[in-house]
Amino acid sequence: MHQIKLLHSSVPTCVNTLISMRKIVLLFSLLLGCIGKQYAQSPVDIHGNLQVSGNQILNQYGEAVSLAGMSMFWSNTNWGGEAYYTSEVVDWLVEDWGITVIRAAMGVEASGGYIWDASNKDRVKLIVEEAIAKGIYVIIDWHSHHAEDYEDEAIAFFEEMATLYGEYPNVIYEIYNEPVQISWPDIIKPYAEQVIDAIRQIDEDNLIVVGNPTWSQDVDVVSWDPIVDEINIAYSLHFYAATHGQYLRDKAQVALDNGIALFVTEWGTVSANGDGQVNEFEVNAWMDFLCENGISHCNWSVNDKLEGASILVDGASTTGGWTEADYTPSGLLVKDIIQDWCLSVDLNNENQSMEYQIFPSPVADEVYIHGEGIERIRVIDLSGQVLLNQAVTPNQRTVHLDVQAYRPGLYIIELHHKYRTYTKKMIKQ
Ligand code: MG
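These notes cover the structure that comes with them. Source: prediction; values computed, not measured.

With respect to topology, eight strands assemble into a closed barrel ordered S3-S4-S5-S6-S7-S8-S9-S10, the strand pairing being parallel. Going from strand to strand, the sheet's axes swing by 30° on average, the running direction of each strand aside. As judged from the three bridges shared by strand S7 (residues 208–210) and strand S8 (residues 233–240), these two strands associate in the parallel manner. When the sheet's bridge partners are listed, Val-210 is paired in S8 with Tyr-235. Set on the sheet, helix H9 (residues 246–257) makes contact with S8 and strand S9 (262–268); between it and S8 the angle comes to about 170°.

Below you can see the structure in the form of structure tokens.
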């Protein structure tokens, strides 16, 4: 569904003479963008409070929403990844990648973590506050493998976070990143119920995401014995594409069929140890699964550590502004996935997989939409105004739209098929 390969095509040599003109246009566009921003609606303006209903996470209008974004690396002091906990990194990921969610992964019991160094909390707060300022969702992640040993600390921490940020629809609490292979009913669930209860005393409504056994893979186990009598609870599903394939999607499907909502708060393109080669085939299978089921996701991770999962090469700037040379193979792949992500899918219609591409992304003057069976295309701005409503000639596989006159910002493209409507975002430079 998401498309990857076409997005890296280089600028044709014949347009060299146009490049300086394009720069002028780009500068002018950026200027217009600055003027226009005060009117633009952010993802949180659009979607508002997230609400769990059955196995779906819905926006304020009751529509299934699928957020796409990045996870920060462990926040731990002197681990390296904490250098990227900057407001400029958040801004860059919002403005260049079009992320709609970011995850602050606060290390807890490991060396340099929150238990040992309270400055980890300041890193988290910086990310949360910048995410709120930019109008995206933000996950406050208790990034632990043994949270049941630090329950008092977790409760105190989340009480503080709920007090500071519970009024903002942006905030999502992730109370236990990845339990190891321990009991759901005897250890994790009781821990979760205590922490949830503490949060709900202060913040009665924001989404809470709960980890589960085997590094948040046993969502099927949870679905047989979910937390009851609490609202807005979803469960984490973590996967690494080079390690976890169809068998884990099957477990996720069991969980969905049993009626619990899932949120992929962490996934990798590589092996489960965070290293190795990108497995693009399995990434594509996973992304199709997430899009089809309206599941949100954050990729691991924003860092320049020398391992496959990092999106950045060693020494990349800690203030954003990254170019293609700054990205790893994983970073390039994930950037394209996020830039081209389906915001929401009409899940009520016939479940029919469709392949289509919208490129380039971000778009300057012209956008191409390629796919089969598209009957109508609509372009809508974030105030809900329909800017274009165009029938597509039967059997026409590529549609070209001139969007030169559009203001810089985020637009919604609806692709109407016979049985189904896909909603995609378009970032106009
Ligand atoms: Mg609240």
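Attention now moves to the coordination of the magnesium ion. Only Gly-166 (O), Asp-203 (OD), Asp-205 (OD) and Asn-206 (OD1) from the protein coordinate the magnesium ion, and they sit 2.1 to 2.3 Å from it. Each donor residue of the magnesium ion belongs to the same chain, and together they define the spacing G-x36-D-x1-D-N. Look at Asp-205 and you get partly exposed, because its relative accessible area is 30%.

When two helices pack together, their arrangement is given by the angle between their axes and by how far apart the axes lie. In contact at an axis separation of 11 Å, H9 and helix H10 (residues 280–292) are set at 10° when each is read in the N-to-C sense. Of the possible angle classes, the one that applies to H9 and H10 is roughly parallel. Contacts between H9 and H10 involve Gln-246, Leu-248, Arg-249, Ala-252, Gln-253 and Leu-256 from the first element and Glu-282, Ala-285, Trp-286 and Phe-289 from the second. A class-by-class count of the residues in the contact of H9 with H10 yields six nonpolar, two polar and two charged.

Calculation criteria
Residues numbered from 1 in each chain as written. Predicted model: local features only at pLDDT ≥ 70, side-chain atom pairs only at ≥ 80, totals over all residues. Heavy atoms only, no water. Pairing = 2+ DSSP bridges. Helix = DSSP H or I, 4+ residues; strand = E, 2+ residues; numbered from the N terminus. Axes fitted to C-alpha atoms, helices over the stretch in contact; angles between N-to-C directions. Contact = heavy atoms within 4.5 Å. Donors = N, O, S within 2.8 Å, 3.2 Å for Na, K, Ca; no water. Buried < 20%, exposed > 50% of the residue type's maximum accessible area, 1.4 Å probe, protein only. Parallel < 35°, antiparallel > 145°, perpendicular 65-115°, else oblique. Nonpolar A, V, L, I, M, F, W, Y, C, P; charged D, E, K, R; others polar.

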